[in-house]
Amino acid sequence: MNTSSQYATWHHPYKPARKYNKRVAYFSMEFGIDQGLKIYSGGLGFLAGSHLRSGYDLKQNMIGVGILWKYGYYDQGRAEDQTMAPHRTHKRYSFLEDTGIEVRIAIGGNPDVRVRAYVLKPEIFGTVPLYLLSTDLPDNDYLSRTITDNLYDSNEDTRISQNIVLGIGGAKVVQALGGAEKYHLNEGHALPAFYHLKNNGIDPSQFVFTTHTPEQGGNVVRNGYHLNARGFFGRTLTGPELQRELVGDGLNYTVSALRLAQKANAVSKLHGEVARSMWKPFNLDHKISHITNAQHPGFWTDDALEKAFSQKKVRSFQNRKKELKKELFKEVLDQTGTLLDPDVLTVVWARRFAAYKRPDLLLYDFPRFLNLLQRPGQPLQIIWAGKPYPKDYNAINTFNRLVEVSRDLPNLAVLTGYEIALSRTLKCGSDIWLNTPRITREASGTSGMTAAMNGSLNLSINDGWIPEFAQHGKNAFVLPSVDAGQPISVQDELDSQHLYSMLENEVLPMYYNDPKRWMELVFEAKSAVDPQFSSHRMAEQYYKELYNG
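These lines cover the structure that appears in this document, whether it is placed above or below. (Residues numbered from 1 in each chain as written. Predicted model: local features only at pLDDT ≥ 70, side-chain atom pairs only at ≥ 80, totals over all residues. Heavy atoms only, no water.)

**Considerations on helix α13 (residues 366-373)**
Every buried residue belonging to α13 is among R368, F369, L372 and L373, and all of these are buried. For α13, the arc enclosing every buried residue in end-on projection is 145°, short of the 170-degree limit, so these residues lie on one face. Opposite the packed face of α13, turned more than 90 degrees from it, sit the exposed residues P367 and N371. Close packing links the buried residues of α13 with β15 (380-385), β16 (412-415) and α18 (488-513). (Buried < 20%, exposed > 50% of the residue type's maximum accessible area, 1.4 Å probe, protein only. Helix = DSSP H or I, 4+ residues; strand = E, 2+ residues; numbered from the N terminus. Arc of directions from axis to C-beta. Contact = heavy atoms within 4.5 Å.)

What follows is the structure, given as structure tokens:
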């Protein structure tokens, strides 16, 4: 092993603060650190990136463990008719350092898959050390080399292999660094880490786990016998051992992580209630507390807006907001040929395209939608952006439908390339940040936090983090809650009608007729979002309640 790198052992460029002295290894499938480091897909990565930044700012003794995705998630482009087209591009990063650490893991019939650890050093982007794992090595066979090609690969065996690389490979890298006192899994992707560590005598009292969503996609269930054959558990379990891990023939990643972890958390107060209800039949509800997600204000907030806010200069804030709208509209023009007006109320819906998030809720009653767009004296502009999972054809069809609708209407636009840079531009340039999930389905939803940091008011379903933040008519616009037990079609009908009514009767009239009141809401929202929803609070709470507690 080449040990010339300082980061071949546990190392930070600072002496950790005493209350953050415990060694923590934080495993995540994705990290949203910078626009130029494309190892993320969306919210989970943005959250993990903010956590690592705050860890650095607070001088915490933690490291991140992730995967160096050769092609990233995917590059979202357009076909000839402007509908969505996914592309793959080999990513290269000159700023990552080879630590010299290489570990070997067994996957399926191959007992000798090599995993190399590269480090993103703290001084590059202001994070704690982030170790990124790759199997794209000359000594590996072709299939092994491709394991770390694509984030969220659509092939099930490849996904299992990625779990093993992140979990067992990552745990072995941490052990090579000298070991950690707490091993934190950010969602269940790295679950094999817990099994490997337990097999090697690490007490499960050192394991903590964060569950991020009630959605099935974040609570994976796979055939336990197949996982056993693939090497998921770090050794081949006997029949009785395997049965103790399974529910029927399936291994539920979340159930297993909760069973193995000493402590676990949901990512908002409401999600804590939902998660405890979900896992109560497995007698695991008692392990789940909540630590509400948060974001890093220093990274996400426009400096000039922050200065105007801190000096309580409303006019300066408004002038800067108008400049930021113009910057956003340059991107809209470049992508779509649509020229938007910075004096017009601008609504943005931007996040991962998924059915439960309902990106097209505004189109539910299309005649009423058209009337909304044509209100005399109260014009409205709407921008959508977001990446569907590249094999989620229903979500892609929704994206493409919005593209088609926007072609015929001059005050609509749909943008591609929803990554960190565009996300920040949209948050800075929007007046309203629209959030429309079916209630109880959005565990947290951090994009609204960073929108509020940049003077954009949330117009939202009362889900995720919103109940902890929003006061309708004082710092946000909150839709009346519908009964989540009703059929989906009924929920969608009611929520769409509430949305139209709120835009027609409250949002648009206030923006155009009472700008002083509007700015009061903007400043109230910005005051409320920081520090309560700053990742400094979150990172401190993790140490206090999960790592040291």
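Here the narrative resumes.
**What about the sheet that holds β16?**
Strands sit in the order β16-β15-β14-β17-β18-β19 across an open sheet of six strands; the sheet is parallel. Where the open sheet ends on each side, the last strands, each with one partner, are β16 and β19 (477-478). When strand β17 (residues 432-435) meets strand β18 (residues 457-460), the two strands line up parallel, connected through four bridges. When the bridges of β18 are listed, W433 appears paired with N458. (Pairing = 2+ DSSP bridges.)

**Comments concerning the packing of helix α1 (residues 43-57) against helix α20 (residues 535-547)**
For the pair α1 and α20, the least separation of the axes is 8 Å and the interaxial angle reads 80°. With respect to α20, the element α1 is oriented roughly perpendicular. For the pair α1 and α20, contact is made by L47, S50, H51, S54 and D57 and by S535, H536, M538, A539, Y542 and Y547, respectively. Tallied by class, the residues present in the contact of α1 with α20 amount to five nonpolar, five polar and one charged. (Axes fitted to C-alpha atoms, helices over the stretch in contact; angles between N-to-C directions. Parallel < 35°, antiparallel > 145°, perpendicular 65-115°, else oblique. Nonpolar A, V, L, I, M, F, W, Y, C, P; charged D, E, K, R; others polar.)

**Concerning the sheet that holds strand β12 (residues 263-266)**
Spatial ordering of the open sheet is given by β5-β6-β7-β2-β1-β8-β9-β12-β13, a layout of nine strands whose pairing is mixed. The strands lining the two open edges of the sheet, one partner per strand, are β5 (97-107) and β13 (288-290). Strand-to-strand twist of the sheet, defined as the mean angle between neighbouring strand axes without regard to direction, takes the value 25°. Relative to strand β6 (residues 110-120), β5 runs antiparallel, the two sharing seven bridges. The residue bridging D98 from the neighbouring strand is Y118, located in β6. Sheet strands in contact with helix α4 (residues 156-177) are β1 (24-28), β2 (62-67), β5, β6, β7 (130-134) and β8 (182-186), and its direction is about 125° off that of β5.

**A few points about the packing of aromatic side chains**
For the coordinates displayed, the defined rule picks out 29 aromatic pairs. Considering the side-chain rings of F477 and W518, the 6.0 Å spacing of their centres and the 35° angle between planes classify their relative orientation as tilted. With F477 in strand β19 and W518 in helix α19 (residues 515-529), this residue pair connects regions lying 41 residues apart in the sequence. The buried category is assigned to W518, whose relative accessible area is 5%. These aromatic residues form a ring-pair network of at least three members: Y20, Y542, Y543 and Y547. Seen from the ring of Y71, R88 lies directly overhead, with NZ or CZ sitting 4.1 Å from the centre. For K427, the ring lying beneath its charged end belongs to W300, and the centroid distance is 4.2 Å. (Phe/Tyr/Trp six-rings, centres within 6.5 Å; stacked < 30°, edge-to-face > 60°. Lys NZ or Arg CZ within 6 Å of the ring centre and 35° of its normal.)

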